[in-house]
There are 2 protein chains.
Amino acid sequence: MDTALKALAEPRRREILKLVWSEERAAAEIAASFSDVTRSAISQHLGVLREAELVLERRDGVRRIYKANHKQMERVRHFLEEYWTESLDRLRDLAETAEREKENTNG
Amino acid sequence: MDTALKALAEPRRREILKLVWSEERAAAEIAASFSDVTRSAISQHLGVLREAELVLERRDGVRRIYKANHKQMERVRHFLEEYWTESLDRLRDLAETAEREKENTNG
DNA sequence: TACTTACGTAAGTATACGCTAACGTAAGGA
DNA sequence: TCCTTACGTTAGCGTATACTTACGTAAGTA
């Protein structure tokens, strides 16, 4: 999961992920979308995304076709949701405890 | 925003953030929660979180008191929400376009 | 004033990261 | 078989990161 979060912390990788979110794309096609960087750099980014299981790879002859792994994205989303709410829950619990203690001292 | 995402990609910093989420804590108190790392390392993590505006600092005599900046956390949350839904919207749009095109070829 | 406490900061180190250039390789065509 | 295409991989480089140790410093205390 941490691998996925680190992968997402990179702006370029988020761009790549968007490209393959709703459409499969070959590595060359993805690389062509970035003019300021070599194909090799993109290939390495794809490797990171692959390792984080944020994209899935399929071979088509000489080409490698990528698409986003929505399941993994959902896992990340869920993890963060847990992270926020766990913290928010603690806040709420604290507020409730404070409320109860106030009542006790008042009573 | 990217600064904040990178800050959150670090597990240790997420732990620190949880510590100060619902309660203010002094730097020394935070550092004391981590036995496998020096106070200096924690101080530097706090610096990163401060720079990302994920925590707020207050002075109390010789102590520095930290607390989570919920507003910034909300901004990050919103940014990610946008990121997911923007991608999901594109998926939906694509599906609708495909549906319409199917109808056209059928008609 | 001298000492302690509670911090940040600077210097140094090992490792990771993002990148380029160069190389290796499987798939397909002439 | 030789060439091209479409890739991944490796080596090397500069910079960033996470850390430790050592130092600097403002705020209290004796």
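So, here is what we can say about the structure in this document. Here the structure is a predicted model, which means the values were calculated and not measured. (Residues numbered from 1 in each chain as written. Chains lettered and ligands numbered in written order. Predicted model: local features only at pLDDT ≥ 70, side-chain atom pairs only at ≥ 80, totals over all residues. Heavy atoms only, no water.)

1. A word on the packing of helix α2 (residues 11-19) of chain A against helix α4 (residues 39-51) of chain A
Residues and elements named next belong to chain A. The line we're drawing: For helices, the fitted line uses only the C-alpha atoms of the stretch in contact; every axis is such a line through C-alpha atoms, and the angle between N-to-C directions lies from 0 to 180 degrees. Numbering of helices and strands starts at the N terminus; helices are DSSP runs of H or I of at least 4 residues and strands are runs of E of at least 2. An angle counts as roughly parallel when it lies under 35 degrees, as roughly antiparallel when it exceeds 145, as roughly perpendicular when it falls between 65 and 115, and as oblique in every other case. Contacts are assigned to residue pairs that have any heavy atoms within 4.5 Å of one another.
Two elements in contact, α2 and α4, have axes whose closest approach is 10 Å; the angle formed by their N-to-C orientations is 80 degrees. With respect to α4, the axis of α2 lies roughly perpendicular. Residues Arg-12, Arg-13 and Ile-16 of α2 pack against Ile-42, His-45, Leu-46, Val-48 and Leu-49 of α4.

2. Section: the sheet that holds strand β1 (residues 25-26) of chain B
All names here are of chain B. Condition: Only strands joined by at least two bridges in the DSSP assignment are considered to pair.
Here three strands make up an open sheet; going across it, the order is β1-β3-β2 and the pairing antiparallel. Two strands bound the open sheet, and with one partner strand each, they are β1 and β2 (55-60). Where β2 and strand β3 (residues 63-68) come together, six bridges link them in antiparallel fashion. Note that in β3 the partner of Glu-57 across the bridge is Tyr-66. Those strands touched by helix α4 (residues 39-51) are β2 and β3, and its axis lies near 115 degrees from that of β2.

3. Overview of the pattern of salt bridges
All names here are of chain A. This is how it is decided: What makes a salt bridge here is a side-chain nitrogen of Lys or Arg within 4 Å of a carboxyl oxygen of Asp or Glu, nothing more. For every residue, the accessible area obtained with a 1.4 Å probe (protein chains only) is divided by the maximum for its type, and the residue is called buried under 20%, exposed over 50%, and partly exposed between those limits.
Counted under the stated rule, the structure contains 22 salt bridges over all chains. Salt-bridge contacts for Glu-57 lead to Arg-59; the nearest nitrogen and oxygen are separated by 2.8 Å. Overall, Glu-57 belongs to the partly exposed group, its relative accessible area being 27%. According to the relative accessible area criterion, Arg-59 is exposed, its value standing at 55%. Each of Arg-50, Glu-57, Arg-59 and Arg-64 takes part in one network of salt bridges that share partners.

4. Description of the sheet that holds strand β3 (residues 63-68) of chain A
Residues and elements named next belong to chain A. Taken together, three strands build an open sheet; the order of strands is β1-β3-β2 and the sheet is antiparallel. Each edge of the sheet is formed by a strand with only one pairing partner; in this case those strands are β1 (25-26) and β2 (55-60). Against the sheet, α4 makes contact with β2 and β3, and its axis sits at roughly 115 degrees relative to β2, the strand it touches most.

5. Topic: the nonpolar core
The line we're drawing: Only buried Ala, Val, Leu, Ile, Met, Phe, Trp, Tyr and Cys residues count toward a nonpolar core, and they belong to the same one when joined by side-chain atoms within 4.5 Å.
Grouped together as the largest cluster of nonpolar side chains are 50 residues, with contacts concentrated most on Leu17(A), Ile30(A), Leu54(A), Leu17(B), Ile30(B) and Leu54(B). With residues up to four places along the chain from it excluded, the contact list for Leu54(A) reads Ala4(A), Ala7(A), Leu8(A), Leu17(A), Leu49(A), Lys67(A), Ala68(A), Asn69(A), Gln72(A), Met73(A) and Val76(A).

6. Things to note about the protein's contact with DNA strand C
Where we set the bar: If even one non-hydrogen atom of a residue comes within 4 Å of a molecule or strand, that residue is called near it. Two N or O atoms form a polar contact when they lie within 3.5 Å of each other; inside protein one atom must be a possible hydrogen donor and the other a possible acceptor, and for residues adjacent in sequence the pair counts only when both atoms belong to side chains. Asp, Glu, Lys and Arg are counted as charged, while Ala, Val, Leu, Ile, Met, Phe, Trp, Tyr, Cys and Pro are counted as nonpolar; the rest, among them Gly, fall into the polar class.
With respect to spatial proximity, 24 residues lie near DNA strand C, and among them Thr38(A), His45(A), Ala28(B), Ser43(B) and Tyr66(B) are the closest. Taken together, the sugar and phosphate atoms account for 61% of what DNA strand C places within 4 Å of the protein. Thr38(A) places a polar side-chain atom, nitrogen or oxygen, 2.6 Å from a phosphate oxygen of DNA strand C. Within the side chain of Ser40(A), a nitrogen or oxygen atom sits 2.8 Å from a base nitrogen of DNA strand C. Of all the elements in the fold, those that place two or more residues in the surface near DNA strand C are α2 and α4 of chain A together with α3 (27-32), α4 and β3 of chain B. Per-class residue counts for the surface near DNA strand C are eight nonpolar, eight polar and eight charged.

7. What to know about the packing of aromatic side chains
The relative placement of two aromatic rings is captured by the distance of their centres and the angle of their planes. All names here are of chain A. Condition: Any two rings among Phe, Tyr and Trp, with Trp reduced to its six-membered ring, count as a pair given centres within 6.5 Å; such a pair is stacked if its planes are under 30 degrees apart, edge-to-face if over 60, and tilted if neither.
Counting across every chain of the model gives two aromatic pairs over all chains. Judged by centre distance (5.8 Å) and plane angle (65 degrees), the rings of Tyr-83 and Trp-84 are edge-to-face. The class of Tyr-83 is buried, set by a relative accessible area of 5%. The class for Trp-84 is buried, based on a relative accessible area of 6%.

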